[in-house]
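# Structural features, examined
Residues per chain are reported as follows:
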Amino acid sequence: MTIVRIIIMLLGAIVIFGLPVWNLARLRGDKHILWLITPPVLFIGSLGISNVLEGSVHSGLFLFTRHFAYYIMIVGLMLFGISILFMIFHYVFKFRKTITFWLIIGTTLVYALAARINGERVVVKEVILPAENISREYRFVHITDLHSGSTNKLHAQHVVDTIKPLNPEFMVITGDFIDEYHVTTDDISPFNQLDFPIFLITGNHEYYLEPGKIQEVLTESNILLIDDMRVGFQELDIIGVNELASVDSTLENLGGINPDRYSILLDHQPKTDEAIRASENGAELMLSGHTHKGQIRPMNY
């Protein structure tokens, strides 16, 4: 990391994490510079410590510092945006400082709680897709971005319990299944309760870990990693695009798409150009993840 990047990161952390906290203190009559410095120091320090501890035997301390840094980041970003909004209101509508202070604090806490609840919800959305080149209906489940490691085994069990009553014939998972070095086969063991085929591709988070980690986690699992592969399910072809590959390169290596079969293409990131290439190559359906549907309103595209 260059000196320039370090300076940019420090300045960004001060603006995003320090300035909103200092502004709150200022509204209460305290302009001490520590309010500006402490939040970015806590964020950079905890993130740095967690990076040092990653892969070490101190998994408990690693989890604490990593989650602490993530919470600072998420709440800090919320506080930054909400502070801008209510400071505009403060000057336009001449709010008293005490009112502005509590509006910022209250809105941030409610927003953070809503985001936390929304992030752990498991919502079933049923979609009926027309198809001309199959002889019967197929019922399957698509899930994505479980982020095992950031989420725990209880969350995985909740996901599995939601899937069971749906009685699918198979399931596809479009990446970011794991995202921490300490994830084990036990963390994803609830998926072994499902008695139908499960097909997985990698996402960007699998590549933040050491090579082979996802294969290690899947060792005792019924989940099949299908990066750069085509697997058949009766009249269907399920094609997995490796996170590091493209639609074109994957299909070229696999000999293209069979027009006589219904092709489902799994690609972690829903890039417009990749979706266009999938369609032009003859894929009837492309499934992706990555965006979390925004998770935090109003960014829930």
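What comes next is a walk through the structure. (Residues numbered from 1 in each chain as written. Predicted model: local features only at pLDDT ≥ 70, side-chain atom pairs only at ≥ 80, totals over all residues. Heavy atoms only, no water.)

Moving on: the environment of L266. Within the fold, L266 resides in strand 7 (residues 262–266). Residue classification places L266 among the buried positions, given a relative accessible area of 0%. Residues L266 and E132 lie 134 residues apart in sequence; the distance between their C-alpha atoms is 20 Å. Contact partners of L266, with chain neighbours within four places excluded, come to V172, T174, F199, I201, I226, I238, I239, G240, V241 and L287. (Helix = DSSP H or I, 4+ residues; strand = E, 2+ residues; numbered from the N terminus. Buried < 20%, exposed > 50% of the residue type's maximum accessible area, 1.4 Å probe, protein only. Contact = heavy atoms within 4.5 Å.)

Where helix 1 (residues 3–27) meets helix 3 (residues 59–92), the closest approach of the two axes is 8 Å, and the angle between their N-to-C directions is 50 degrees. As judged from the angle between their axes, helix 1 and helix 3 are oblique. Read as a crossing pair, helix 1 and helix 3 show a hand that is left-handed. Of the residues in helix 3, those touching helix 1 at V15, I16, F17, P20, V21, N23, L24, R26 and L27 are I72, M73, G76, L77, L79, F80, S83, M87 and Y91. Residues that form the contact of helix 1 with helix 3 fall into these classes: 14 nonpolar, three polar and one charged. (Axes fitted to C-alpha atoms, helices over the stretch in contact; angles between N-to-C directions. Parallel < 35°, antiparallel > 145°, perpendicular 65-115°, else oblique. Left-handed = near helix turned anticlockwise from the far one by under 90°. Nonpolar A, V, L, I, M, F, W, Y, C, P; charged D, E, K, R; others polar.)

For the rest of this paragraph, the subject is the pairing of strand 5 (residues 229–233). For a regular strand, side chains alternate in direction, first toward one face of the sheet and then toward the other. Note: strand 5 against strand 6 (residues 236–240), five bridges, orientation antiparallel. From the neighbouring strand, G232 faces strand 6, where its bridge partner is D237. In this structure, the hairpin formed by strand 5 and strand 6 is closed by a connection of two residues, where Q234 is found at a positive phi of approximately 55 degrees. (Pairing = 2+ DSSP bridges.)

A full pass over the atoms with the stated rule returns ten salt bridges. In this structure, E126 engages R139 in a salt bridge whose closest nitrogen and oxygen atoms are separated by 3.9 Å. One end of the pair, E126, is in the loop between helix 4 (97–120) and strand 1 (140–143); the other, R139, is in the loop between helix 4 and strand 1, with 13 residues separating them in the sequence. Among the residues examined, E126 registers a relative accessible area of 61% and is labelled exposed. For D237, the salt bridge is made with R261, and the minimal N-O distance between the two is 2.8 Å. (Salt bridge = Lys/Arg side-chain N within 4 Å of Asp/Glu carboxyl O.)

Moving on, we come to the side chain of D145. With respect to the helices and strands, D145 occurs in the loop between strand 1 and helix 5 (153–163). Summary of buried charges: D145 has no salt-bridge partner, and the nearest side chain of opposite charge, K271, is 14 Å away. There is a polar contact of 2.8 Å between the side chain of D145 and the backbone nitrogen of H290. Here D145 is in contact with T174, G175, D176, H268, G289, H290 and H292, once residues within four sequence places are set aside. (Lys, Arg positive; Asp, Glu negative; His and termini not counted. Polar contact = N/O pair within 3.5 Å; in protein donor to acceptor, adjacent residues only side chain to side chain.)

Strands sit in the order 1-2-3-4 across an open sheet of four strands; the sheet is parallel. The open sheet terminates on both sides in strands that have one partner only, identified here as strand 1 and strand 4 (223–225). Recorded for the sheet is a direction-independent mean angle of 20 degrees between the axes of neighbouring strands. Bridging between strand 2 (residues 170–174) and strand 3 (residues 198–201) involves four bridges; their strand directions are parallel. Along strand 3, the bridge assignment pairs V172 with F199.

Read these as geometric descriptors, not functional statements.
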